[in-house]
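# Chain and residue survey
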Amino acid sequence: MASPRVLKSYYIALIVLVIFSVAVLQFPLFNVVGLEFSAAIAPLVGFISGFLLLLYIHSLGGNFQTPSQLRVVYLKNFGGSLLLAFVPLLLGLGNTFIVRNCSILSGIYFYLIILIPTIVLCSALSFFIWALVPKFQKTLYIVFYLLILLLPFLRLLLSPQLYLFSPIIGFFPGFTYDESLPVVSRLLPYRLVTLGAGIFLFAFSLWLWNTKTLLKNRDNSQAHQRRTLPEIIAMSLLGPFVLMMIVSGNRIGFFTSEKYLRTKLGGFYSTEHCDIVYPLGKIRRPTVEQIGKLQEFYYNELADKLKVIPQKRITLFLYANSDQKAHLVGAGSTNFTKPWLYQIHINAGVIEDALKHEMVHVFAGEFGWSPIRLGRSFGLSEGLAVALGDDEWFDEPTDRAAALLLAVQDIDIAKLFSTTGFLSQAPSTGYLLSGSFCKYLVDTFGIDKMKSVFRTNDFERSYHLSLTELTKQWRKQLPQLKISRGDSLKALYFSRRQSPYTKECVRFIASLNRKGQIYFEQQDYERALATADKSMGYYPTAESVLLKVRSLCALRKFDEAVKFGSSMLDDPKWAIALLPIRLWLGDAYFALDSIDAARREYAFLASIHLSKSYDEACAFRLEALSLRYERSEWIKLLTYNLDISEKLQRLTYFPSALARYERGKLYFANSELRNASEEFKKASDLQSPVLQFFRLYYLGRTLETDLRYEEAAEYFSQALLLAPTEGIKTETNNHLKRCIVWSAQNGNITNE
């Protein structure tokens with residue numbers, strides 16, 4: 001029976017766990033039993049289990065005669081620790097009466113596979129220390145526990161990956177937090193390895209104790225040596241298993257070393273200042289060379305603006321898609337930089353939008369806070385990257401976008417320069433406002449003062465003005481706008497998008513939505529629809545609603561799509577978040593031959609200028625509506641999931657300029673640059689000024705990709721006159737400036 005001192009310790013542990021669990025449950029990301037809640041609870045439960053085992057052993061006097069006595073002690077402590085671990089679980093499950101819990105069974109599964117191996121390992125660690133040394137056991141336990149807890153984060157710092165698997169917390173997704181990152185397939189094997197390592201350590205400790213006892217007593221009895229035969233068998237089986245799994249960690253996905261990542265991607269290209277590692281066979285070499293040219297252009301531009309040169313070569317890791325990136329380094333949809341490693345990780349499909357922003361992070365590392373070379377706050381790190389790396393934000397110049405956002409939502413920007421304040425905001429809000437503010441600071445006070453505050457986050461010391469006073473001055477210089485209804489809707493749409501740290505059921509819902517999207521891409525529309533319904537049944541999101549409408553359209557159930565989509569838009573709670581759904585509602589009306597209704601949906605979405613892609617899609621469809629004799633064919637192209645060759649074959653029979661424009665885009669996507677440029681040139685009689693802009697823009701992009709910079713510059717110049725928004729004009733002008741520079745450097749090089 002446990003001594004009063006040990007029982008008192010258990011009661012204290014129980015009280016601490018209750019207080020800690022209740023505190024954790026107050027945060028939206030952790031307020032349901034799931035992966036995040038389990039990872040937060042595991043370190044405390046694990047530490048308590050090992051510490052209590054030491055107290056329990058000491059309370060028994062430490063005079064044990066046989067290994068079986070120690071096995072009983074270990075198992076009793078394991079049972080007591082499990083009972084303690086069930087307290088946070090019960091509190092979390094009880095919280096379902098207050099907040100929504102999307103999947104109780106899934107949450108319990110995560111809790112058990114994270115907590116049980118942690119308890120086994122931490123208890124085995126304390127048992128090992130007890131068996132190894134007679135003194136300072138509690139101190140040594142704390143030291144070794146902290147080493148096991150913190151050492152995995154060293155891998156996070158020294159290797160490309162953004163996620164980590166940890167023996168104690170189970171899984172950490174990284175600070176960028178990709179809610180859709182697939183975890184289950186790798187977490188279970190990793191926790192089995194952790195469990196195996198814990199059992200191995202306990203078996204080894206018991207064998208060590210028995211061996212030391214026999215040596216101390218000078219007992220050479222074979223019978224006494226065989227007392228730990230079960231432990232010897234366990235070590236023989238588990239040792240090779242754990243070692244094999246750790247050695248194979250790269251291939252299994254427990255971690256990703258730089259060497260393995262380079263080997264896995266396979267492609268390599270070098271420029272004057274940068275190296276590019278890319279997926280061989282998935283990204284064409286000419287595309288990589290063009291990216292290298294763009295990277296060097298940004299390198300020189302940023303070196304001039306920031307007045308610094310990176311001390312090492314910059315390595316750009318390119319990924320074919322978000323799935324490949326998520327599997328190899330985590331954060332599939334989020335591009336990221338590790339300035340201290342001079343590494344940038346980007347999906348190839350968004351290189352134009354993300355490369356300069358990420359390169360600013362590397363350059364800023366030269367005056368960043370050591371040793372991780374970042375700004376002292378997220379607001380400064382991301383704000384400077386937006387200020388110098390993003391000339392526009394949701395297709396508006398940065399300052400105008402900030403003014404729009406502040407017109408519909410009063411935000412205390414000073415809070416963005418604290419960690420919790422930045423992370424609690426919608427990503428678009430935090431990035432945009434901190435970016436506009438940092439741009440003001442650089443433009444007004446110069447880059448040297450920005451370098452100073454970047455390191456310290458002490459605005460008063462760097463600018464001799466308080467942060468409050470600086471934000472007041474920034475607000476005064478923002479554009480004074482006449483806000484249209486479209487402006488207001490656009491600003492509300494971006495400002496109301498939730499931060500993942502404030503969402504409920506975040507990982508479970510993201511996983512369901514991702515699964516539904518995969519079904520849709522595989523053209524399994526019935527299962528995509530069923531998954532969307534399931535996701536909405538737990539916790540409706542804009543993603544699941546959109547997936548349902550798209551699935552209904554793909555299944556040719558246009559009446560249902562219109563009925564469901566319209567009912568969601570009629571709900572004030574959803575009207576803003578579902579603005580993009582109007583594009584597919586328009587397609588459904590188009591298919592039902594309700595031309596006026598389709599035109600109304602397209603025109604409404606076009607008036608908001610939600611993004612460049614939506615502007616183009618709406619203009620394209622409005623043009624298609626005007627082609628009376630081609631309407632039936634266009635609706636097939638819009639609502640059937642056809643590959644490039646099938647679309648090109650169908651478009652061969654279309655005589656309109658719109659068909660030529662679409663063929664040009666398909667050829668461009670397929671890297672058939674000469675065919676693309678010919679089709680774009682022949683599509684000159686498009687009716688829509690917006691489509692005329694996009695025709696000239698894509699013609700310029702085609703010629704730029706084909707290294708015909710002088711010609712490209714001519715078409716970008718023409719496109720500038722027709723740009724539908726100031727943000728799109730800014731982007732087009734950036735292409736124009738690059739082409740002028742490259743044309744001057746190399747002449748009008750033609751890629752024969």
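Data block above holds the structure.
For the structure given in this document, a descriptive report is provided here. (Residues numbered from 1 in each chain as written. Predicted model: local features only at pLDDT ≥ 70, side-chain atom pairs only at ≥ 80, totals over all residues. Heavy atoms only, no water.)

### Some thoughts on helix H29 (residues 612-625)
- An ideal rise of 1.5 Å per residue puts 20 Å on 14 residues; H29 measures up with 20 Å between its terminal C-alpha atoms.
- Of all the 14 residues making up H29, 12 are buried; the element is thus mostly covered by neighbouring parts of the structure.
- Within the sequence span of H29, burial applies to Lys612, Tyr614, Asp615, Glu616, Ala617, Cys618, Ala619, Phe620, Arg621, Glu623, Ala624 and Leu625.
- Turning to H29, the residues buried within the fold contact helix H27 (581-591), helix H28 (595-608), helix H30 (631-639), helix H32 (657-669), helix H34 (689-705) and helix H36 (726-746). (Helix = DSSP H or I, 4+ residues; strand = E, 2+ residues; numbered from the N terminus. Expected span 1.5 Å × (residues − 1). Buried < 20%, exposed > 50% of the residue type's maximum accessible area, 1.4 Å probe, protein only. Contact = heavy atoms within 4.5 Å.)

### Section: the environment of Tyr342
- In this fold, Tyr342 is placed in the loop between strand S6 (336-338) and strand S7 (343-347).
- Sequence spacing of Tyr342 and Thr315 is 27 residues, and the spatial spacing of their C-alpha atoms is 6.2 Å.
- Among all residues touching Tyr342, those that are not within four sequence positions of it are Pro310, Gln311, Lys312, Arg313, Ile314, Thr315, Val362, Glu366 and Arg373.
- A polar atom in the side chain of Tyr342 sits 2.8 Å from the side chain of Glu366. (Polar contact = N/O pair within 3.5 Å; in protein donor to acceptor, adjacent residues only side chain to side chain.)

### Overview of the side chain of Thr194
- Mapped onto the secondary structure, Thr194 falls in helix H6 (residues 184-216).
- Classification of Thr194 by relative accessible area gives buried; the value is 5%.
- With residues up to four places along the chain from it excluded, the contact list for Thr194 reads Pro117, Leu121 and Pro167.

### A short note on the sheet that holds S7
- Taken together, 5 strands build an open sheet; the order of strands is S3-S4-S5-S7-S6 and the sheet is mixed. With partners counted over all chains shown, the strands left at the sheet margins are strand S3 (266-270) and S6, one partner each. Taking the axes of each pair of neighbouring strands and ignoring which way they run, one obtains an average angle of 20° across the sheet.
- Across 3 bridges, S6 lies against S7 in antiparallel orientation. Bridged to Lys338 within S7 is Gln343. (Pairing = 2+ DSSP bridges. Axes fitted to C-alpha atoms, helices over the stretch in contact; angles between N-to-C directions.)

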